[in-house]
Amino acid sequence: MSRVLFWIFGGVVLGGLIHLVVILTLPDAAVRDVWHRLEAIAPLETFVLFDDLAPGEANPLGLDPELLYGVCRLELGDGPGIVNGDLPLAFWSVSVFNADGHVIYATTNRSGSGDLLDMGLFNPAQTRLLAEQRFEIDEGLLIVEAQGNDVAVVVRLAPPHPAMRERYREALGQLSCSTIR
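Residues numbered from 1 in each chain as written. Predicted model: local features only at pLDDT ≥ 70, side-chain atom pairs only at ≥ 80, totals over all residues. Heavy atoms only, no water.

Some words on unusual backbone geometry
Okay, so step 1: One non-glycine residue, Glu45, adopts positive backbone phi at about 55°.
Okay, so step 2: Residue placement: Glu45 occurs in the loop between helix H2 (34-41) and strand E1 (48-49).
Okay, so step 3: The class of Glu45 is partly exposed, set by a relative accessible area of 26%. (Helix = DSSP H or I, 4+ residues; strand = E, 2+ residues; numbered from the N terminus. Buried < 20%, exposed > 50% of the residue type's maximum accessible area, 1.4 Å probe, protein only.)

Right under this line is the structure:
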C-alpha cells in the first residue's frame, strides 16, 4: 500500500513540476505577443498610423476607438533614434516600449512640451557617449535611455471633435522616425 502511495505522490510532484516549467517558459516562447504583431505591421524607422476602429469591429490590441494611434519601431544598435515633429495642441501622449512590451518611458503634452515632440532614444552605450559629449544634440531634446536595442514608440492623439479627426490624422502622419547613423 505504501508503494502505491509513493508512486501516486511521485506522479503528482512530477506533474506539478512539468506544469510549472511549462507555465513559466511559455511567455518567452510565444510568437503572438504585441512585439511580434508590431513587427508585422510596422517596419523599422517608419511611422505607421493605425486605421480607425469602427464600432463592433474586432479590437485585438485593445485600443481606444476615440484616439488616433501611430507607432514607430527603432533598432538602436545602428545608432540613436529620433522621433520628432509638431502635433496639434489637443491632448497627446507618447510611450516607449521595449521588446518585452514594458513601458520604459511615457509623457504627455501636458508636461510642458506643448505641440513639439522632439525625443532622442539611446541605448546604455550611446548614453555613455552622450555623457562624454561625443554626440551633438539639439537643445531641448528629450533624452530617453532604453536598456536594449529594440524599442517601439507609440503616439496617441485625442482629437477634441470628430470633425477634426482627419486633420489630426494628417498631423500625426507627419512625425518623423529615424536612426542617426
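A word on the environment of Tyr105
Okay, so step 1: With respect to the element layout, Tyr105 can be found in strand E5 (residues 103-108).
Okay, so step 2: In this structure, the C-alpha to C-alpha distance between Tyr105 and Ser95, residues 10 residues apart in sequence, is 5.7 Å.
Okay, so step 3: Ignoring any residue separated from it by four or fewer positions in sequence, one finds Tyr105 in contact with Val94, Ser95, Val96, Leu142 and Val144. (Contact = heavy atoms within 4.5 Å.)

A few points about the side chain of Thr127
Okay, so step 1: Among the secondary structure elements, Thr127 is positioned in helix H3 (residues 124-131).
Okay, so step 2: Using a relative accessible area of 19% as the deciding quantity, one classes Thr127 as buried.
Okay, so step 3: If we ignore the near neighbours within four places in the chain, the residues touching Thr127 are Phe122 and Glu145.

Considerations on the pairing of strand E9 (residues 176-179)
Okay, so step 1: What you see with E9 is a clean split: Cys177 and Thr179 sit on the buried side and Ser176 and Ser178 on the side with no burial.
Okay, so step 2: Pairing geometry for strand E3 (residues 81-86) and E9, over four bridges, is antiparallel. For Gly81, the partnering residue across the bridge sits in E9 and is Thr179. (Pairing = 2+ DSSP bridges.)

Observations regarding the pairing of strand E4 (residues 92-98)
Okay, so step 1: Of all seven residues in E4, seven are buried; the element is thus mostly enclosed.
Okay, so step 2: Neither face of E4 is exposed, since Trp92, Val94, Val96 and Asn98 on one face and Ser93, Ser95 and Phe97 on the opposite face are all buried.
Okay, so step 3: The hairpin turn running from E4 into E5, its antiparallel successor, is four residues long, and Gly101 in that turn takes a positive phi close to 90°.

Section: the packing of aromatic side chains
Okay, so step 1: Counted according to the given criterion, the structure contains two aromatic pairs.
Okay, so step 2: Where Phe6 meets Trp7, the ring centres are 6.1 Å apart and the plane angle is 70°; that geometry is what we call edge-to-face. Neither Phe6 nor Trp7 differs from the other in exposure class; each is exposed. (Phe/Tyr/Trp six-rings, centres within 6.5 Å; stacked < 30°, edge-to-face > 60°.)

Quick word on H3
Residue pairs three or four apart in sequence face the same way in an α-helix, which turns once every 3.6 residues.
Okay, so step 1: Inspection of H3 places Gln126, Thr127 and Leu130 among the buried residues, and these make up the whole buried set. An end-on view of H3 places all buried positions within 105° of arc, on one side of the element. With respect to the buried face of H3, the exposed residues turned more than 90 degrees away are Arg128 and Ala131.
Okay, so step 2: Packing partners of the buried residues in H3 comprise strand E6 (116-122) and strand E7 (142-145).
Okay, so step 3: Positioned one or two residues after H3, Gln133 has a phi angle of 60°, which is positive. (Arc of directions from axis to C-beta.)

Side note on the pattern of salt bridges
Okay, so step 1: Evaluated as defined, the whole model comprises two salt bridges.
Okay, so step 2: With its nearest N and O atoms 3.1 Å apart, the salt bridge here joins Arg165 to Asp52. You can see Arg165 sitting in helix H4 (residues 165-173) and its partner Asp52 sitting in the loop between E1 and strand E2 (68-75), a full 113 residues away along the chain.
Okay, so step 3: Its relative accessible area of 16% is what places Arg165 among the buried residues.
Okay, so step 4: A salt bridge links Asp52 to Arg169, with the shortest nitrogen-to-oxygen separation between them at 2.4 Å. Here Asp52, found in the loop between E1 and E2, pairs with Arg169, found in helix H4; they are 117 residues apart in sequence, far enough to count as distant.
Okay, so step 5: When its relative accessible area of 15% is taken as the criterion, Arg169 is described as buried. (Salt bridge = Lys/Arg side-chain N within 4 Å of Asp/Glu carboxyl O.)

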